[in-house]
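Descriptive structure summary
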Amino acid sequence: MNETLHVARRNPKLLIGLSVVLGFLLLGLLGPLFVDHGPNQYVGPQSEPPSAQYWLGTTTFGQDVWAQFVYGIRSTFLIGVLGGGVAFAIGTAVGFLAGYRGGIVDEILTMLTNVVLVLPALVVLIVAVAYLDARGLVVQAVFIGLTTWPWAARAVRAQTLSLATREYVDLARLSGRRTWRVIITEIAPNMSSYLVMSFILLFGGAVLTAAGLDFIGLGPTDGVSLGLMLENAVAWSALQLGLWWWFVPPGAAITAVVGSMYILNVGLDEVFNPKLREL
Amino acid sequence: MWRYMGRKLLVYALTFAVAVTINWMIPRFMPGDPVRSMLNRGSISDPGALERMTAYYEEVFGLDAPLHEQYLNFWSGLLRGDLGISVMLYPEPVVDVILRAVPYTLALLIPAIVLSWIVGNRFGAFAARSKVLDNSILPIGYVLTATPYMWLALLMAWSLGIVAGIFPTAGGHSYALTPGMNAEFLASLVTHWFLPFLSMFVVALGGWAIGMRNMIIYELEADYATYLRTLGAPRKLVRRYAYRNALLPQITGLAVQLGTIITGALLTEIVFNYPGLGTLVLDSLNNRDFFLLQGVFLFVVIGVLVANFVIDLVYVFIDPRTRVQMTGASS
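- As annotated in an unreviewed UniProt entry, chain B carries the name ABC transporter permease and comes from Nocardiopsis coralli.
- Per UniProt, the comment on chain B under Sequence similarities (unreviewed entry) is "Belongs to the binding-protein-dependent transport system permease family."

- By the naming in an unreviewed UniProt entry, chain A goes by ABC transporter permease and is assigned to Nocardiopsis coralli.
- Of chain A, the UniProt comment under Subcellular location (unreviewed entry) reads exactly: "Cell membrane".

See the structure below:
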């Protein structure tokens, strides 16, 4: 453990990735506390470039872009944790069960995984979400989770397969413990680094998918998100009017959060897997 | 080998059935009355037309028949190539509307996928195991894959289109021209195509570079690479062997990434108002034209399945091991 920490402290990818993610997390948590008006309120002059009073300028309606930005970052993290969490729960459950049980259970679950894997997630989501009249963040997250789990299930299944034949697992099985107990106490801890990394990837995927949905106009009906900001900017021709402060920050924030998550993941990979460290 | 293909085809057939079932279920089991909400939001002012359309859609949905009959009717309509009538462009059949948009989407997708795959693989192979390059290309690759497609599209439309004024930023061709096979029209097609293509190409590039870089590192640690090195083979030769082996998983990756890239194409089209399937999705959403929306969904699924199958076939021809298995199984 000490050695892992030692290596971790010296891994620039891990450190840079982690600090960017934490920085944005803090901004999302604390930023809204210092904004004393709602993100969608019409507070200022219209279409004003960034200034000391409105840090990121205002929209064509006089909304404060900075307020929308910090609230949007908050919901970005929320959707990532919820959507990624649901996908993680389904994916690991399916993967563990398929890999551990084998046989017909494995056949069926693998078939199911492959079917959902081939379906393009966002397109399914568009069709499903289009029929909902009121959409909240949680509903969006659940739908995203339901469609994006397959690759995690495949990865977890492959790992479980290789662990399931180890002697200590056989021993646990012989002792008569329930399937889930064996999986939770013997198999999962031995691939914990792998699970953490899967969750990070699912988090990033959920954020990007949600941004896409929001951009098409299927975002939360009464909320703020970075994707919605992009949608509004395009809908009210921020491009043609040259209001770059309306559409550059939200996309940059998504890219920065998800990108540093990925880089953080590579760092973690190098920490857990000595083979990958720099030569 | 044929068993393997058979299994693949079974998964594809199942996927198609699931997609059709989703398409059938969603309007029936979601809360609310789809016919009413579709016609309410569609802008129809003439009450007579509204009545006729309501009657038509009630009948098409077949809501008074028992469920299993509705389901069978849905399939039989589908197999006859009937996806219903568009609300937005009443009375044009959905299939016609979609077929008009498909060429535009394919013109973006195919070059973007193929070129980004080739170039990305080159970059990735180039970067692997050379410290400076690795530390620059790898983070850039990750940032590119983390970029939302529509955001890069917006940045390009704004910088190269509006500020610099080099490229047009909306539509599939200049509206002043009538479509035809003349040079002026073709040039207009190309200039309108370029920016959406470029932004998709750039976003997709990162993922391939990362994948290739990781695969090459893995291959360079394999026994055959070590053996070649101990024989004193030049670095270039070892890498060439590794590259060819690393390409195989990248082809599988192509199948896995297809959904993401198609999604990206839809989002990019919306930014540029490019007359492909993406813009059609947005228009059908805004007009509550669920028939059109579901038609697009089915078309995309069919496209993904066909592409997957093509990739499977390509794999058989590229990887000699699968060919050996094939003859081995039949002899």
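1. A short note on the overall build of chain A
- When helices and strands are tallied, chain A shows 13 helices and 0 strands.
- Each helix and strand of chain A, ordered N terminal to C terminal, gives the series α-α-α-α-α-α-α-α-α-α-α-α-α.
- For chain A, the proportion of its 279 residues judged to be buried stands at 53%.
- For chain A, the share of sequence-separated contacts (at least 6 apart) that also reach a separation of at least 24 residues comes to 72%.
- Only carbon and sulfur atoms are counted for the fraction: they give 65% of the accessible area of chain A, which is about 12200 Å².
- Treating the 15 positive side-chain charges of chain A as one cloud and the 16 negative ones as another, the clouds have centres 13 Å apart.

2. A short note on the interface of chain B and chain A
- The partner chain A presents 45 residues to the 55 residues of chain B that form the contact.
- The junction of chain B with chain A conceals about 4600 Å² of combined surface from both sides, 79% of it contributed by carbon and sulfur atoms.
- Area buried by chain B at its contact with chain A is led by Trp 151, Leu 154 and Trp 158 of chain B, which between them contribute 13% of it.
- Joining chain B to chain A, the criterion identifies 0 salt bridges.
- At the boundary of chain B with chain A, the tally comes to 2 residue pairs in polar contact (both at pLDDT 80 or more).
- Looking at the side of chain B that touches chain A, the elements with two or more residues in it are helix H1 (2-29), helix H2 (34-41), helix H6 (131-146), helix H7 (149-163), helix H10 (235-272), helix H11 (277-286) and helix H12 (290-318) of chain B.

3. Let's talk about the packing of helix H9 (residues 223-230) of chain B against H10 of chain B
Residue and element names in this part refer to chain B.
- Relative orientation of the contacting elements H9 and H10 amounts to 170 degrees, with a least axis distance of 10 Å. Relative to H10, the element H9 lies roughly antiparallel. Here the hand of the crossing between H9 and H10 comes out right-handed. Here H9 contributes Tyr 224, Ala 225, Leu 228 and Arg 229 to the contact with H10, which in turn contributes Val 238, Tyr 241, Ala 242 and Asn 245.
- In terms of residue class, the contact of H9 with H10 is made up of 6 nonpolar, 1 polar and 1 charged.

4. Overview of the environment of Phe 272 of chain A
Residue and element names in this part refer to chain A.
- Looking at where Phe 272 falls in the secondary structure, it is placed in helix H13 (residues 244-272).
- Residues Phe 272 and Tyr 194, 78 residues apart in the sequence, show an inter-C-alpha distance of 9.0 Å.
- For Phe 272, the contacting residues outside a window of four places in its chain are Thr 4, Ser 193 and Met 197.

5. A look at the nonpolar core
- Ranked by internal contacts, the top residues of the largest apolar core, which has 150 residues, are Phe 69, Ile 126 and Ile 216 of chain A together with Ile 216 and Leu 277 of chain B.
- Among the elements that make up this core, the one with the highest residue count is H10 of chain B (17 residues).
- Once residues within four sequence positions are removed from consideration, Leu 277 of chain B is found in contact with Ile 98, Ala 101, Val 102, Thr 105, Leu 266, Glu 269, Val 296 and Val 300 of chain B.
- Of all hydrophobic cores here, the second largest spans 13 residues; its members include Tyr 100, Val 156, Ile 183 and Met 191 of chain A.

6. Examining unusual backbone geometry
- Backbone geometry at Ser 237 of chain A places phi at a positive 45 degrees, although glycine is not the residue there.
- Turning to its location among the elements, Ser 237 of chain A is positioned in the loop between helix H11 (226-235) and helix H12 (238-241).
- At Asn 273 of chain B, a residue that is not glycine, the phi angle is positive and equals roughly 50 degrees.
- One can find Asn 273 of chain B in the loop between H10 and H11.
- For Asn 273 of chain B, a relative accessible area of 39% translates into the label partly exposed.

7. Overview of helix H6 (residues 137-148) of chain A
All names here are of chain A.
- Under the 1.5 Å per step criterion, the end-to-end length of H6 is 16 Å for 12 residues, consistent within 8% with the ideal 16 Å.
- For H6, the complete set of buried residues consists of Gln 140, Ala 141, Ile 144, Gly 145, Thr 147 and Thr 148.
- Buried residues along H6 sit in contact with helix H3 (65-101), helix H4 (103-118), helix H5 (121-130), helix H7 (150-164) and helix H10 (192-216).

8. Focus: a nonpolar patch on the surface
- Judged by side-chain polarity, Leu 18, Leu 22, Leu 25, Leu 26, Leu 29, Leu 30, Leu 33 and Phe 34 of chain A come together as a nonpolar surface patch covering roughly 780 Å² of accessible area.
- With respect to the helices and strands, Phe 34 of chain A occurs in the loop between helix H2 (12-30) and H3.

9. A few points about the UniProt feature "transmembrane region" (unreviewed entry) in chain A
All names here are of chain A.
- Per the UniProt annotation, the sites labelled "transmembrane region" (unreviewed entry) are residues 14-35, 77-100, 112-131, 137-156, 194-218 and 243-268.
- With 92% helix and 0% strand, residues 194-218 has its two end C-alpha atoms placed 33 Å apart.
- Strand forms 0% of residues 243-268 and helix 96%; the C-alpha atoms that close the span are 39 Å apart.

10. Examining H6 of chain B
- Helix length check: H6 of chain B, at 16 residues, gives a terminal C-alpha distance of 23 Å against a target of 22 Å (1.5 Å per residue), a fit within 8%.
- The inward-facing, buried residues of H6 of chain B contact H2, H10 and H13 of chain A together with helix H5 (94-127) and helix H8 (183-220) of chain B.

11. Looking at the UniProt feature "transmembrane region" (unreviewed entry) in chain B
- What UniProt calls "transmembrane region" (unreviewed entry) maps, in this numbering, to residues 9-26, 97-119, 140-167, 187-210, 246-272 and 292-318 of chain B.
- Regarding residues 9-26 of chain B, the helix share stands at 100% and the strand share at 0%, and the terminal C-alpha atoms are separated by 26 Å.

12. Remarks on the pattern of salt bridges
Residue and element names in this part refer to chain A.
- A full pass over the atoms with the stated rule returns 6 salt bridges over all chains.
- For the salt bridge of Glu 270 with Lys 13, the shortest nitrogen-to-oxygen distance reads 2.9 Å. Here the residue Glu 270 occupies a position in helix H13, and Lys 13 occupies one in helix H2, the gap between them amounting to 257 residues.
- Between Arg 173 and Asp 170 there is a salt bridge, with the nearest N and O atoms lying 3.4 Å from each other. With Arg 173 and Asp 170 both in helix H8 (residues 167-174) and 3 residues apart, the pair spans about one turn of that helix.

Calculation notes
- Residues numbered from 1 in each chain as written.
- Chains lettered and ligands numbered in written order.
- Predicted model: local features only at pLDDT ≥ 70, side-chain atom pairs only at ≥ 80, totals over all residues.
- Heavy atoms only, no water.
- UniProt positions renumbered as here; feature names shortened; annotations may be inferred.
- Helix = DSSP H or I, 4+ residues; strand = E, 2+ residues; numbered from the N terminus.
- Buried < 20%, exposed > 50% of the residue type's maximum accessible area, 1.4 Å probe, protein only.
- Contact = heavy atoms within 4.5 Å.
- Areas by Shrake-Rupley, 256 points an atom, 1.4 Å probe, with all protein chains shown as cover.
- Lys, Arg positive; Asp, Glu negative; His and termini not counted.
- Charge placed at Lys NZ, Arg CZ, Asp CG, Glu CD.
- Buried area = accessible area lost by both parts, 1.4 Å probe.
- Salt bridge = Lys/Arg side-chain N within 4 Å of Asp/Glu carboxyl O.
- Polar contact = N/O pair within 3.5 Å; in protein donor to acceptor, adjacent residues only side chain to side chain.
- Axes fitted to C-alpha atoms, helices over the stretch in contact; angles between N-to-C directions.
- Parallel < 35°, antiparallel > 145°, perpendicular 65-115°, else oblique.
- Left-handed = near helix turned anticlockwise from the far one by under 90°.
- Nonpolar A, V, L, I, M, F, W, Y, C, P; charged D, E, K, R; others polar.
- Core = buried A, V, L, I, M, F, W, Y, C linked by side-chain atoms within 4.5 Å.
- Expected span 1.5 Å × (residues − 1).
- Patch = residues over 30% accessible without salt bridge, like charges linked within 9 Å, V, L, I, M, F, W, Y side chains within 5 Å.

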